[in-house]
Every structure is written in structure tokens, then in C-alpha cells.
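# Structural overview
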Amino acid sequence: MKMHSKISYTLFLTLRCLFLLSPPAFCDQNSLLFHTCSTSQNFTHDSPYALNLKQAFYNLASTTPPSGFALASIGHDLQSQVDALALCRGDVSPADCAGCIATAGHEIQQLCPYGKGGAIWYDFCLLRYSNAKFFGKIDNGARLYMWNVEEAENAASFNEEVRKLLMGLSEKVEATPNLYAVGEVEMEGSKKVYGLVQCTRDLSSGACKKCVDDAIAELPKCCDAKIGGRVIGGSCNFRYEVYPFVKDQK
């Protein structure tokens, strides 16, 4: 994956936070994982686009928490229209979802000042916005790879079980109305691996599965033999660990 050196450094710090601690010692779930900014077009602070962007973020903060997903499209002029979406992880409470979306809206404006497009990821949520219509389309832009530095003892067997788990979740998520699925698989010695896949709900079920399958195809690049890993994109993501990491896993 092509990554700017600054992003790589941020990634290393995030990895240390998420994966080198024991399972109970989770980092702040609102810690920033990754962000991207569009550099192609800018706006001024008192422009119609600026006002529409603020309204879009307000709408998302108001409408996302109850269901965990929302879209906002503000403005009719092509020069000032804003399309935005927000997604919270499927197990996140409305209160935690609201807090994450509020933080995302504030931080992305600090990180991408006057840019007409951007995206920001946390453990609990994702927020994206653009002056170009993107609803219903798979985002094939930047992907974030994260992995545990510890390797499995039987690498080949572990890799195969992880792949089977995630491919099974890819089949499962296609049939779920909220495009979110979790599961687990038994490993040797009564150990388990836990997995999650999720898509933004503007995608069709078929597009969601394609997005997830494409992300899973990145396993050898990001997470070969690693006991925990994830691939995060603008339309879908997966994660697996050797311990439960969402509320509906035991």
C-alpha cells in the first residue's frame, strides 16, 4: 500500500496502542485511527460551501446515533453542494455513536481546513464528505492496514482459519439489513479468533460483499500470520482478533 511517511508514523503509534496491550486495557475508542483530505479543491470560511458543510455535519450528528448510519446532502448548486455520511460500528451505543460523530466532525475540520473532501476513521465511527456525489459507490481510495506484531505459532493453519472466518462473514453480511456481521472460529487448543465485517449502508448488498471480498484479498499484504489485523476503507472494513473486541462477542 502506498502511504505517505507521516501516515506511516501515525500508523505505528496507533498499532502500539491497539494491539500491544492486553485485551482489557483498550485504548480510548475515540482515538483517531486515520484520516485523508482532498487537495483538489478548496473553499473559503464564509462561502456557501462552508455553510453547507456545517449543516451537513450538524445533520449527521443529529440523525446518525439512533440507527448508527446517516447520509446528508446539502445544497443544490454544484459549486456548493456537500454530500456526507457517517457510520458507527454495529455494536456501539447511541450515546457513544453521538460522541464519536461529534468528535469526527470537529477534528476533520481541523485536519482538512478548507478542503472540499475528507474522511476520518475511529474505532467507533467513520465520517466522510465531498463536493462530488459518492453515495452508493465503493470507495477504492486509501486503505489503512493495521496488524498485531505477534505472529501465530502455526502460520499456515492460522491464516487459513482467519480467511475462512472472514469469507464466511462476507457471505453473512450480504444478507443483513445493517451490513454488519460478527463471528468466531475455534482454533487449536480451544482458542478462538473473533471477526467483524461492516459496510456503509449506502451500498447495495452486492456492492458490500464485493467491497469486503476485495479487502479480504489484502490479507497476505497486511496481516500474514499476525494474530490480529484489520483493513479499513471508506466503504467497508474487516477486523479479527484472538480476543472479543465488540459487545456482541463473548
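Residues numbered from 1 in each chain as written. Predicted model: local features only at pLDDT ≥ 70, side-chain atom pairs only at ≥ 80, totals over all residues. Heavy atoms only, no water.

For the chain, an unreviewed UniProt entry supplies the name Cysteine-rich repeat secretory protein 38-like and the organism Momordica charantia. One UniProt comment on the chain, placed under Subcellular location (unreviewed entry), says "Secreted". We quote the UniProt Sequence similarities (unreviewed entry) comment for the chain here in full: "Belongs to the cysteine-rich repeat secretory protein family." (UniProt positions renumbered as here; feature names shortened; annotations may be inferred.)

## Quick notes on the environment of glycine 117
Among the structural elements, glycine 117 can be located in strand S4 (residues 117-122). Exposure remark for glycine 117: the relative accessible area of 5% places this residue in the buried category. Contacts of glycine 117, omitting those with residues within four sequence positions, involve Cys37, Ser38, Tyr49, Tyr129 and Ser130. (Helix = DSSP H or I, 4+ residues; strand = E, 2+ residues; numbered from the N terminus. Buried < 20%, exposed > 50% of the residue type's maximum accessible area, 1.4 Å probe, protein only. Contact = heavy atoms within 4.5 Å.)

## Some remarks on the sheet that holds strand S3 (residues 82-88)
Read from one edge to the other, the open sheet built from 5 strands follows the order S1-S4-S5-S3-S2, with strand pairing classed as antiparallel. Edge positions in the sheet fall to strand S1 (32-37) and strand S2 (69-74), since each of these pairs with one other strand and no more. On average, adjacent strands in this sheet sit at an angle of 5° to one another, irrespective of strand direction. Where S1 and S4 come together, 5 bridges link them in antiparallel fashion. Its bridge partner being in S4, phenylalanine 34 is matched across the sheet by tryptophan 121. On the sheet, helix H2 (residues 48-67) packs against S2, S3, S4 and strand S5 (125-130) and is oriented at approximately 160° with respect to S2. Packing of helix H3 (residues 94-111) onto the sheet brings it into contact with S1, S3, S4 and S5, and relative to S4 it is tilted by some 135°. (Pairing = 2+ DSSP bridges. Axes fitted to C-alpha atoms, helices over the stretch in contact; angles between N-to-C directions.)

## Description of helix H5 (residues 205-216)
End to end, H5 covers 16 Å across 12 residues, agreeing with the expected 16 Å (1.5 Å per residue, within 8%). Along H5, the positions that sit buried rather than exposed are Ala207, Cys208, Lys209, Cys211, Val212, Ala215 and Ile216. Packed against the buried residues of H5 are helix H4 (155-173), strand S8 (192-199), helix H6 (219-223), strand S9 (229-232) and strand S10 (236-241). (Expected span 1.5 Å × (residues − 1).)

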